[in-house]
Amino acid sequence: MSPVRRVEHRATFNGPDGFETGYAGLAAYFASIRSAFDDRTIRREIIVAEGGTIACQTWMEGTFVRKNW
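Treat the numbers as computed from the prediction; the structure is a model and nothing was measured. Numbering of residues starts from 1 in every chain and runs along the sequence as written. Only residues with pLDDT of 70 or above have their local features reported here, since the model is predicted, and side-chain atom pairs are shown and tallied only from 80 upward, although totals for entire chains, interfaces and linings are computed over all residues. Calculation of side-chain values draws on the structure's entire complement of heavy atoms; hydrogens and water are dropped beforehand.

Student: Please provide a residue-by-residue account of the pairing of strand 3 (residues 41-50), values included.
Tutor: Two strands pair if DSSP finds at least two bridges between them. Helix and strand definitions here come from DSSP, where helices need a minimum of 4 consecutive H or I residues and strands a minimum of 2 consecutive E residues; each element is numbered from the N-terminal end. Summarising the sheet, strand 3 and strand 4 (residues 53-61) pair through nine bridges and their orientation is antiparallel. Bridge pairing in strand 4 links R44 to T58. Between strand 3 and strand 4, which follow one another and run antiparallel, lie two residues, and G51 among them has a positive phi close to 60 degrees.

Student: How would you sum up the packing of aromatic side chains? Please name residues and give values.
Tutor: For any pair of aromatic rings, geometry is given as the distance between the ring centres together with the angle between the planes. Only rings of Phe, Tyr and Trp enter the pairing, Trp through its six-membered ring, and a pair is recorded when the two centres are within 6.5 Å. The plane angle decides the type: under 30 degrees is stacked, over 60 is edge-to-face, the rest tilted. Counted under the stated rule, the structure contains three aromatic pairs. For the pair F13 and F19, a centre-to-centre distance of 6.1 Å together with 65 degrees between the ring planes defines the contact as edge-to-face. Partly exposed residues are those whose accessible area sits between 20% and 50% of the maximum for their type, while under 20% is buried and over 50% is exposed, using a 1.4 Å probe and protein chains only. Judged by its relative accessible area of 28%, F13 is partly exposed. Look at F19 and you get partly exposed, because its relative accessible area is 42%. Note on Y29 and F30: the rings are 5.3 Å apart at their centroids and 75 degrees apart in plane angle, and the pair reads as edge-to-face. On the accessibility criterion, F30 (18% relative accessible area) is buried.

Set out below in structure tokens:
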């Protein structure tokens, strides 16, 4: 059995309107999306990578069922 490795997340997420966060903020954002939409789908159809930068266009759809804020 292989030992468990800890992965250090140093990436920065840059969202719309200048929103910027790290891994913990992005994980919390997706947790709130999972909680708010019962029948959600998340698709990434356009992914572009250049050097150390990755960009993607993401579509999120679903029925909003509960407010999380």
